[in-house]
Amino acid sequence: MNSVNSFYRTGQQALWITEKLFATYANPAILNKWPKKVTVVEVGPRDGLQNEPTNIPTSTKLNLINKLLDAGVTNLEATSFVSPKWVPQMSDHKEVMLGLEKRDNVNYIALVPNVKGLEKALSCGVKAIALFIAASESFTRKNINCSIEESIVKAKEVMKIASDNGIMVRGYISCVCGCPYEGFTKPQKVAELAKILYEMKCYEISLGDTIGVGTPGSVTQMLDEVLKVVPADKLAVHFHDTYGQALANIVTALQMGITVVDSAVGGLGGCPYAKGASGNVATEDLVYMLNGMGIQTGIDLNKIVNISHYICQQLGKQPQSRVGRALPKL
């Protein structure tokens, strides 16, 4: 136990040193490019768990969500109303949604792929949903068995019903930096789709590097185009960490005015259609970095680290995050 405490104190000292260096030597010119606050959208309970091979009890999912809320998370993907045939891990979507604690300051988001999924979500009292399209024709056909154009028609159908029922809608664009089948994604295509979602009145549009191939260079090119047609305050970024570029890409996005970032506790997740694609950027890695930059998130780092160890233990794996490995659970 003493060795664990010592290891923990070392990690805390590392964070303290980082914050002190920031406070002492931060360049005002750089500070002006960083936001004072970042909203973290926790996607672990849905995007992080959906492809896990072993069944995860509903009680474990709800316990995970409650722990995340207690750590300060206020925006969270709770589940997905998809067909159990295709995503069996999310087959308990109704039980999860009905089991959520009612908290006024929390935005629970449920992913819906089509009108049928939306109807199921509405029956559970969902207040916010996410719909998705992809910037790759091949990926769209492999993922949802239709063309990009057809996926947009379906998205508009979902949006119409959601709007009529007072439901907030978050839009996702997949493969914004690259596709496992087509390679590099043209930034102009991402901008075209982002404009469509913006004109559909999505309250937020999350730009997803689904297979984690983006770099600060390609992310800059992509955001340059998107920001021509969608204001920064309507955008979020969603990076996977396949090549270890996620945090660098997030800093790039912050410098370009983006203040909403998706992440998953423990670095959970991965794309089943992308060979070798690792999980989402870890929430604890993100919060550690933002703390060291003097950027507020409202999330308790120590609690997030403990949650990372908790859910990974339930899954029989180790946290994918650097911070999760550096700071043991206490």
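Residues numbered from 1 in each chain as written. Predicted model: local features only at pLDDT ≥ 70, side-chain atom pairs only at ≥ 80, totals over all residues. Heavy atoms only, no water.

> How would you sum up the pattern of salt bridges? Please name residues and give values.
Scanning the model with the defined rule gives 12 salt bridges in all. With its nearest N and O atoms 3.9 Å apart, the salt bridge here joins Asp47 to Arg46. What makes Asp47 buried here is its relative accessible area of 8%. Of the charged contacts, one joins Lys317 and Glu52 as a salt bridge, the two residues approaching to 2.8 Å between their closest N and O atoms. With Lys317 in the loop between helix H13 (301-315) and helix H14 (322-326) and Glu52 in the loop between helix H3 (44-48) and helix H4 (58-70), this residue pair connects regions lying 265 residues apart in the sequence. Since its relative accessible area comes to 31%, Lys317 is described here as partly exposed. Exposure remark for Glu52: the relative accessible area of 12% places this residue in the buried category. Overlapping salt bridges bring together Arg46, Asp47 and Glu77 as one network. (Salt bridge = Lys/Arg side-chain N within 4 Å of Asp/Glu carboxyl O. Buried < 20%, exposed > 50% of the residue type's maximum accessible area, 1.4 Å probe, protein only. Helix = DSSP H or I, 4+ residues; strand = E, 2+ residues; numbered from the N terminus.)

> So what about the packing of helix H7 (residues 137-144) against helix H8 (residues 148-164)? Which residues, and what values?
With their axes 9 Å apart at the nearest point, H7 and H8 run at an angle of 60 degrees to one another. It follows that H7 is oblique to H8 by the angle criterion. Here Glu137, Thr140 and Ile144 of H7 come into contact with H8, specifically with Ile148, Ser151 and Lys154. By residue class, the composition of the contact of H7 with H8 is 2 nonpolar, 2 polar and 2 charged. (Axes fitted to C-alpha atoms, helices over the stretch in contact; angles between N-to-C directions. Parallel < 35°, antiparallel > 145°, perpendicular 65-115°, else oblique. Contact = heavy atoms within 4.5 Å. Nonpolar A, V, L, I, M, F, W, Y, C, P; charged D, E, K, R; others polar.)

> Tell me about the environment of Gln255, and name the residues and values.
Inspection of the secondary structure assignment puts Gln255 in helix H11 (residues 246-255). Aside from chain neighbours lying at most four places away, what touches Gln255 is Lys33 and Trp34.

> If you had to explain the sheet that holds strand E2 (residues 75-80) to someone new, which residues and values would you point to?
Spatial ordering of the closed barrel is given by E1-E2-E3-E4-E5-E8-E9-E10, a layout of 8 strands whose pairing is parallel. For this sheet the average axis-to-axis angle between neighbouring strands, irrespective of direction, equals 30 degrees. The pairing of strand E1 (residues 39-42) with E2 spans 2 bridges and is parallel. Bridge pairing in E2 places Glu42 opposite Leu76. (Pairing = 2+ DSSP bridges.)

> Got a sec to walk through the packing of aromatic side chains? Specific residues and values, please.
Following the criterion strictly, the structure yields 0 aromatic pairs and no others. Positioned above the aromatic ring of Tyr310, the side-chain terminus of Lys67 is 4.9 Å from the ring centre. (Phe/Tyr/Trp six-rings, centres within 6.5 Å; stacked < 30°, edge-to-face > 60°. Lys NZ or Arg CZ within 6 Å of the ring centre and 35° of its normal.)

So, to be careful, I would describe these as geometric facts and stop short of saying anything about function.
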